Amino acid sequence: MVDKRLNYERKQIVELAGNTLSEKRSNDKVRILDIGAGNGSDLSSIGQLLENKCLLEKYGIENFKPKIKKLLDNNVKVSSLNIEKDLFPF
């Protein structure tokens, strides 16, 4: 069961990323990791916000195969693992 109180709304995540990364320049490299990336909606929103502002690398951790395919199709580097049981690859 997922505790919904621990989840941030997409708007808050994008706002936080924008505030945190607002001073980045076009040649700065920024890496974003989404744990439990799902369809990659948060990564896409942050990517749109930072488009042309920096060199963005998107990473996701996801275990559900249909969602992994969607992430890969959207240029997200994906590690497939169960975040409740498996060790992170880094």
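Along each chain, the written sequence defines residue order, and numbers are assigned to residues from 1. At least 70 in pLDDT is required for a residue's local features to be given in this predicted model, at least 80 for side-chain atom pairs to be given and counted, and no such filter applies to totals for whole chains, interfaces and linings, which use all residues. Hydrogen atoms and water are omitted, and side-chain values are computed over all heavy atoms in the structure.

A. Up close: the pattern of salt bridges. Throughout this description, the term salt bridge denotes a Lys or Arg side-chain nitrogen within 4 Å of a carboxyl oxygen of Asp or Glu. Applying the stated criterion across every chain yields a total of three salt bridges. Measuring nitrogen to oxygen at the nearest pair gives 3.4 Å for the salt bridge that ties K29 to E57. Residue K29 is found in strand 1 (residues 29-35), and its partner E57 is found in strand 2 (residues 55-61); the two are separated by 28 residues along the sequence. Buried, partly exposed and exposed residues are distinguished by accessible area as a fraction of the type maximum, computed with a 1.4 Å probe on protein chains only: under 20%, between the cut-offs, and over 50%, respectively. Given the relative accessible area of 17%, E57 is considered buried. By sharing partners, the salt bridges in this structure join K29, R31 and E57 into a single network. Each helix is a run of H or I in the DSSP string that is no shorter than four residues. Each strand is a run of E no shorter than two, and both are numbered from the N terminus.

B. How the structure looks around helix 2 (residues 41-50). Three or more residues of helix 2 are buried, namely D42, L43, I46, G47 and L50. Buried residues of helix 2, seen end-on, are gathered within an arc of 135° and therefore sit on one face of the element. Taken from the residues just after helix 2, N52 is the one with a positive phi, measuring 65°. Read the arc as the range of directions from the helix axis to the C-beta atoms.

C. A look at a nonpolar patch on the surface. A patch is a set of surface residues, each over 30% in relative accessible area and not in a salt bridge, joined within 9 Å for like charges and within 5 Å for the nonpolar side chains Val, Leu, Ile, Met, Phe, Trp and Tyr. What sets the accessible areas is the Shrake-Rupley method with a 1.4 Å probe; for residues, cover comes only from the shown protein chains. A contiguous nonpolar patch, built from L33, I35, I83, F88 and F90 and spanning about 490 Å² of accessible area, is present on the exposed surface. Position of F88 among the secondary structure elements: in the segment after strand 3 (77-79).

D. Up close: the pairing of strand 2. With seven bridges connecting them, strand 1 and strand 2 associate as parallel partners. Across the sheet, residue D34 finds its bridge partner in strand 2, namely G60. Assignment of crossover handedness uses the view with strands pointing away from the viewer, where a clockwise path from the first strand over the helix to the second indicates a right-handed crossover. Viewed along the sheet, the connection from strand 1 through helix 2 into strand 2 turns out right-handed. Note: two strands are recorded as paired if DSSP finds a minimum of 2 bridges between them. Pairing analysis gives three bridges linking strand 2 to strand 3, with the strands arranged parallel. The residue of strand 3 that forms the bridge with Y59 is K77.

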